[in-house]
Amino acid sequence: MSVIFKAKLKAAKTAIAEKNYDYSYDLCHDLLELDDSNYNVHILLGVSCQHMSKWEEGERVYKASMSMPKANILAWQGICALYEASQDTDKYKQALRDLRDRHLSEGSEAKAWETTSKLIALSEQSGDKRELISTLREVTKRGQYGSLLLVTGVDPAPPKLVDVLKQVCETESELDQKTIELEVNKRKTRLGAGPISKVRRDVRVEVWSQSGLLNTLGELISLYLEEGDEEERLVYEERYFAVLLERLVVVDDAEEKEAMLEEARKAAWDLASNGRCQGAFEHLIEVADSNSEDGDLKGLIEGYLQLFGGSGRLSKSAQVWMNLQDANYADLLELAQQGRGAADDSPFAYVMLTQAAIRSRSYRVAIDTGIAARQVIKQFEDSLGIKLWRSWLAIDLSVADGYVRLGSENATDAELLYRKCLEADPGNAQAILGLGLSLCMLGNYDESRQLLSTALNDDAQNHLALGGLGYVELKEGNTRDAAEYFQRAIAIKPSYASHHVNLGNAYWQMGGKWRSDKQYAYSSWIQAARIDPSASETFCGLGKWYQQYGNDTERAKKCFAKAVSTDHANGDAGQALAEIYLAEGSDDLCETLLIQSTEAQHGQKWAWKHMGFLRLRQEKSEAAIVAFRNALSIDRTDRLCWEGLCEAYMAIGRMHTSVKVAQKVVELDPSCVSGHWLGARASMSANDLDSSLAYFDSAIECLHRSDNVEALAPVWSQTLVMGKAECLIACSERWYLDGLFGRVIDASNGALETVLPLVEQSADEDSGESQPGHLVWKIVCSACIWITRVQSMLDGREDLVRMATVSRLIELAQHSESCFAVPDFLSQTSQIASTESGNEEELDGGGEYVRLLFSLAERAARQCILVATSAALASVAWADLAHIYYERNSQLHPALLETAKGNKSSEDGGASDSPPLLEAAANCAQAAVQLDPANAKAYGVQGVVAAHSQHAALAQHAFIMASRLSPTSAMPWANLGFLYLHHGDMELANKAFSKAQMTEPEFIPGWLGQAMIAETLGYAESLELYANCILPVGVSKAIGDYGFAKQVWRSAVERNNGDKGVPAEHSAQEGAAAAKGGAAAGDGSGSDSTLSFSEQSRLVTAIYSARRFVARTGDKQGAGSHLLGLLLEQNGEFENAAEAYAVAHSRVAGNKDRPAGCHLREWIALAHLGRAQCSAGQYIEAADTYEMADALILKGGIQVDKDVGGVQVLYYTLGHSLALFFSERLGESLGKFEEALEKSATVPQLRPIIAVMLAQVLWALGTDEHRALARQHLLEVMSESSEFLPGLSTLFAIGLQQGDGELIAATYPELVKVRNRDLGHEVAKLEMYLALLREDPAGGRRAMSKALYRNPSDASLWLLMGRFEAACEQHSFAAAAAGAALSLFRQAVRGSLSWSGAPSRAMVNSASLDVVVSASTIKSRALANGSSSSSSDGDQGADNKRARHAARSAARRAVMYQPWSLETWVCLQDAIDAA
C-alpha cells in the first residue's frame, strides 16, 4: 500500500469524523481508482453514501464489501444503517435478519438477540400482526432462534418464554377477529354472497383453519403445567375451552370434530374438577343428555348451583332438575320458563320445561315447548356432532303425555310418539303405560290390554300397569273390574294418588250406593286429596259429590274452583264451575274462569263455547265470533256452537255469512226447529226474503213433526208465526218497490192469515194479559196499508183481498178494544184518541173492501197504542195511525201529482180547507211527537201531513227536527227540498237536496229534486238528472220515470222542430203538462229524420219509463198514459200509441174528482187519440173519436181557440178531415177541409198543403163538377207557387188519369225541376206510372235509375224499382231490386248505413217494417214467378230450385216481421205452391 493511498485513506476517515461527507466521498472514489478491492475504502464510501442519501450506490458498495474475503460484521451493520436511514422497511427487516445470522455465525448470541429485539420492535411499530406473530414464534421453543431467550448479560434482558407466548396468543386472537370482520364486510356485498350467517361461517372456517391460536394456548397450558402455576394454567385452559367450543360449530370434518369435542370434554372436566368456568359446567350438563341415572350429572348440577348460584345460564333449569328429583313441583313451571328464557338455545332447558309443564299440568305448554325443542336439539347436535337420544326421548315422552292428558282428540298423535319412544328405548315403562292409555282412548281396548298385561307379566308389582288395565276396563264400562285393578294397584303403591282418583271415578260410574255412599267414591277422592293436594280430578269428583249428594253448593263451588286452579285444563270442573257462576249471575267470575281455561289449554271446547254465549250476552259479538270459531275448530259438529256463531254474525251485520252458518246448522240437524228459525232470520236480514219464507215454513213443519211438540210448541209456536208474518210484510215492501203488486197483495194476505190464529187464540182467553201484543197489531196494520196501496194499480179487483180474514180481524179488534183502558202514559193524548173515532164517515168512502181494509188498519194502529208498554212504542203507533189517515185521504182526495210516500210533500186535494182525515192525521202526528220528542218518524209524518195541509212553517219545522234526530237519513232533507220546491224557493230547495245527496249519495229523491229544479229553471241538465232517477225500481221513483220520459219527448219534439205544442207548465201539473201538447194529426208523431243510436236508445228507455210509471202508480189521472202515447208516436208505434191515448182518455173521463179544466183535458186526449188512429190506419175509429171530441166541445163549453190555440185547432181540424176522407165520408171531409182552409191563416205555410188536400177531396167526389173544381183549385194554388211539389204531382196524376196530354206536358217539366226536393219520391212514382201507361218500360227504368243515382242508399226507392219491374213482369230484376232493399236494411241494422228506417228502430218502426215486408213479398213472388216460367232442363233446374227456396225464405221473413198482415200469409202460400 503506497504512502499516498494511506494518506488519502486517513484523510477520508478524518473527513467522515468531521462529517465532511462530500470530501470523504471524493477521496473514496479516488482510492477505489487506486485499489478497487480495498474493504475499508468500501465501508467508508458506504458511510459517505448513507449520509449523502445516495441509497442505491451505498447499497451496491455494501453488497460488494460483503462478498470480499476480508468482509466482517461492519458491512452488515452498515447496510442495516443505510436501510434504516432510507426508511426502506422491508429491506431493513431482511438486513436485520441477515445481521442476526452473521452474529450467530460469529458466536455472538447477545448481539443476535439485540438484532431480534429490533425486529420485534419494528413489527410492533408497523402494525403487521402476522409478521409480529412470525417473529415471536421464531424465539419460542419450537422456533429457530429459541436459544436467544436464554442469553444473559444484555440490557434489557430477553423476556421469558411464557411472556412471548402470551403476546403471541393475544396477537393471534386480535388478528383472527380483525380478519373475520374485514372479510365479512367485504364479501357480504358481493353478488350471490348468500345470507350473512353463511358468509360469516365461511370466513370463520377459512380464518380459523390458518390460525395458530389453539396451538399457542396449548403451549401456554403445557408451559404453566411444567412451571406449576395452576392458577394461570386454569385461566388459559378456560380460554382454550371457549375457543374449542367456538370452532367446533364450523368444523365439518367428522374426525376433526370428534377430536376437538374430546379435547373440549377433557378441558371441561378439568375446569369443572377445579371449580372453574361456568361454561364448562354448562357444556357437560348439556352433553350429559339429561341422563337422570348418571351420578355425574347430579354432581355437576349440584356443583354448578353451589358455585354459580343464580348467575348461570342454566341455573333456573338446574333448579328445576333438582326439584323434579325431589318431587317438589311448587312454582315449577314458572321457574322452568325463566330457565328457558335465559338459555333459549339449550336442549337441557327445553327438556326441563316440558317435564315441568307436565308435572304442573300445563299440557299445552308442554306440547308447544316440546315441538319447539326439536329444532333446538337438532341444531345442538349438528353443532357438536353428537346425538342426544335421551333428550329426544324425554321430549317425546313429555309431548305424548301432554296429548294424552288433553283428551281423546289427540290420542292418535300420542300413540305415534309413544311407539317412537319404544323404538328408541324398548323397555321404557312410561312409554308402555302411555301407549296403553292412548290405545284405550282410541278404542283399541284389546291391544291396550295386551300391551299392559305384557308389562304386568314382566313385573307383577308394576302398579302403573295395573292402573292402566283398570283405566281400560273403566273406559269399556267394566266398572267392577276396573275397581278391582285400581284396588290392586293401591295395595302395591298406596301413596300413588292417581289410583285413588281412578277408583273414585269407577265407583261414581257404578252409580247407586257406590256413588252416594261416602265410603266409596267420596272416600277414594278424599284419600287422593290427602296424598296429592294438587290432583285436579280429585276435587272435581268431590265437587260433583257435594253438588249432587252433599246438597252443599258452596262447598261444591270451592272444590271445582280448587280443581280448576290446580289444572285449568280440567274441562269437567271448569264447565261445572262456569254453570254455577252463570246461575249466580257472576259474569265477571265466569269470564275470568273461561279466559284462564282457554289460555291453559286452547283445545277446551266447552270453555270457548261458554265464552261465546257469554260474549253474546254481553253484546261483544266480535269476541263471540272468535270464541265460537275456536270451539268449532275443535268440534265442527257442535250444533249449538254453529247457532251461536250465526247469532254473532247477525249482530255485527255480516248477514250473508250468517246465512251460510245457518245452512250449516240445518245440515247438521235437519229436524231442528232452531236451525230453520236461524236460517229464516239470517236470510231475512240478508234481504233474501224467499229463502227466509222457506226457512220459516220448514221450521213450522219441523215443529209439527217433532216428537216433543207439546214441549216445543209453547216456546216456538208464536215465535215462528210472528217471524213469518214479519217476513211477509218485508216481502210486501220489497215487491212493492219492484213493482210486483200481485205478489204484494199475496204477501200481505198471507201476513193477515198468519197472525189471525194468534189473535183468535188470544180472544178466547179471559185475561187481558193474553191479548195480542204490539207486534201482532203492527203487522196487521202494515199488511192493510200495503194492500190499499196497490189495490188501485190492479184495477181495484176485490177478489184479490181475503175479505173473510179482514172481517174476522175487525171483529177481534173490536173485542180486544173493550179489554183495555188507555195506559197512564197516554193521558196527555187521550183527548186526541177520543176524537179520532169520528172519522168513520170518511173511511166509508170508496169500495167496500177498501173501507174495510182502512178500518182494520185504523183499529190495528189503535190496538198498538193501547197495548204499548212504553211511550216510545205508543209514539210509533200514533205515527202509524197518522200515516193511515194520510194514505186514506190521498185516495179519497188525490192531488194532481201523486208522489211516493215520503218523497215529496203533496199538494192539497183541491179544497180550501183540509179534509177531516187530514186533520186527524195531523192530530195523530202531534200526539206521536208529544209522546216521544226523539221519534224522527213522527216528525217525518207530521211534516208530510202539514205540507199537504198547506202549513208550510210546521212542515219545515218537522222536517228539520227529523233531520236532526236522524242525521244519517237523507229522507228528511229530501222532504224539506220538495217543500221548498213546491213553494218556489229554488235556492233553499237546492241546498236541501244537496244535503240529501251528501248524506246518502245513492238516495234517488235527492237526484229527483235536483232534476225537477233544473227542469223548472229550464236547464238542459235536467234530462241527465232524470236519467239517474230511472235506474232504480219502485213506486217511490215513479216521478223520476215520468220526468225522464217527458224530457226525452220534449227533446225529440224540439229536435224535429215540432214544438207546436210543447207544454209551458212545469212538472207539478203532471197530467196537463203531458196532455197540452198538439191535438191534431201529425203533432207529436214520429219524424222521418234519422235518430242517432244514443237518441234512439234514450227514446226506447223513455217508453219503458213511461210504461213503468203507469204500472206502478195506477195513473189515475191518465197523464202517464198520455205521455206514453206521445213517445210511442215519436217511435212510429201508432197502434200502441192509440191504445195508450185511449187509456188516458178513459182515466180522464172516469175520474170522479174531476178538477177544473178536466173537459179540456178530455178533449185533448181525444184529439191525440184520433191523430194516432189515423196514423195507424184506423180511419173509421178516428172519425168517431173526432166526433166525440166535437161533442165534448159543445157539452163542456170549451173555447178551443182560446184554451188551446189556433195552431192546435188547425191540426185538430186537419186530422178530423183526413179521418173522414179515408173513412169515405167525403162530403163531411170536404166541409172539414174547407174549415181548415179558413183557419190556415194562423199557419200560412200550411195553406198550400191544405188547398191541395181539398182539391184531392173534390176529385175523389167523382162528379165532373167536383173534378173541374178540383182542377181549377189546383191551378189557382200553382199560380201562387209554381214549384209546389204536392200541387204539381197532383196535377200530373190528374193528367195521367184523364189522359190529358197537355196537362201532362205542362206539369212534367216542372216536376223535373223540383226532383231534388222529392223527399217522398212522388216524382219517381209518377214517372213510373206514366211509363206503365205508355207501355214504356225503358223510360220508367231510366227515371227510376236517375232517382237511384241521386240516392242509392234509399231502400224505399229500391222497393219502388222492384214494384215497377214486377209490374213489367221482369221478375229477375224485381227480385234483384227487392234484394237490394233488404240488403240496405241489413246494413242499416248493423250500422253501416243510415236511412229513414233508422237501424235501432228497424224492429219497432212501422215505416221500416213496411219496407222489409214489402221487399220480402216482392222478392218472394218474383222468384216464384221467375222459377215457374223457366225451363227445368240442364243447369236451370238447380237455379230454379234455389230461386224457390229463396222465395220461401223471403216470404217467411215477411210473415215473421208482420204476422198480422194477410198479404204476407198469401205471399207465403204462393211461394209454397210454386215450390
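Note that this is a predicted model, so its numbers are computed, not measured.

Caption draft 1: Region of interest: the overall build of the protein. Within the protein, the regular secondary structure consists of 74 helices and 0 strands. Residues classed as buried in the protein amount to 52% of the 1475 residues present. Sequence-distant contacts in the protein: of pairs separated by 6 or more residues, those separated by 24 or more amount to 60%. Working note: accessible area of the protein is about 66300 Å², and carbon and sulfur atoms make up 49% of it.

Caption draft 2: Region of interest: the packing of helix H18 (residues 347–359) against helix H20 (residues 389–406). Where H18 meets H20, the closest approach of the two axes is 9 Å, and the angle between their N-to-C directions is 25 degrees. The orientation of H18 relative to H20 falls into the category roughly parallel. Between H18 and H20 lies a crossing whose hand is left-handed. Here Tyr 350, Val 351, Thr 354, Gln 355 and Ile 358 of H18 come into contact with H20, specifically with Ser 391, Ala 394, Ile 395, Ser 398, Asp 401 and Gly 402. Here the contact of H18 with H20 is composed, by residue class, of 5 nonpolar, 5 polar and 1 charged.

Caption draft 3: How the structure looks around the pattern of salt bridges. Tallied over the full model, the rule gives 48 salt bridges. In this structure, Lys 129 engages Glu 174 in a salt bridge whose closest nitrogen and oxygen atoms are separated by 3.1 Å. Taken together, the positions of Lys 129 in helix H8 (residues 129–137) and Glu 174 in helix H9 (residues 161–187) put the pair 45 residues apart, joining distant regions of the chain. Given a relative accessible area of 43%, Glu 174 falls into the partly exposed group.

Caption draft 4: A look at the nonpolar core. In this structure, Leu 752, Val 780, Val 806 and Leu 1127 are the most contacted members of the largest nonpolar core, which totals 201 residues. Ignoring anything within four residues of it in the chain, the contact list for Val 806 reads Leu 752, Val 801, Leu 852, Leu 853 and Leu 856. Judged by nonpolar contacts, the second largest core, of 113 residues, contains Phe 308, Leu 314, Met 322 and Ala 336.

Caption draft 5: View of the packing of helix H63 (residues 1226–1239) against helix H64 (residues 1247–1261). Two elements in contact, H63 and H64, have axes separated by 9 Å at closest approach and are oriented at 160 degrees. On the basis of the axis angle, H63 is roughly antiparallel to H64. You can see that H63 and H64 cross each other, and the crossing is left-handed. Here Leu 1226, Gly 1227, Ser 1229, Leu 1230, Phe 1233, Glu 1234, Ala 1236 and Leu 1237 of H63 lie close against H64, whose contacting residues are Arg 1247, Ile 1250, Ala 1251, Met 1253, Leu 1254, Val 1257, Leu 1258, Ala 1260 and Leu 1261. A per-class count over the contact of H63 with H64 returns 13 nonpolar, 2 polar and 2 charged.

About the cut-offs
- Residues numbered from 1 in each chain as written.
- Predicted model: local features only at pLDDT ≥ 70, side-chain atom pairs only at ≥ 80, totals over all residues.
- Heavy atoms only, no water.
- Helix = DSSP H or I, 4+ residues; strand = E, 2+ residues; numbered from the N terminus.
- Buried < 20%, exposed > 50% of the residue type's maximum accessible area, 1.4 Å probe, protein only.
- Contact = heavy atoms within 4.5 Å.
- Areas by Shrake-Rupley, 256 points an atom, 1.4 Å probe, with all protein chains shown as cover.
- Axes fitted to C-alpha atoms, helices over the stretch in contact; angles between N-to-C directions.
- Parallel < 35°, antiparallel > 145°, perpendicular 65-115°, else oblique.
- Left-handed = near helix turned anticlockwise from the far one by under 90°.
- Nonpolar A, V, L, I, M, F, W, Y, C, P; charged D, E, K, R; others polar.
- Salt bridge = Lys/Arg side-chain N within 4 Å of Asp/Glu carboxyl O.
- Core = buried A, V, L, I, M, F, W, Y, C linked by side-chain atoms within 4.5 Å.

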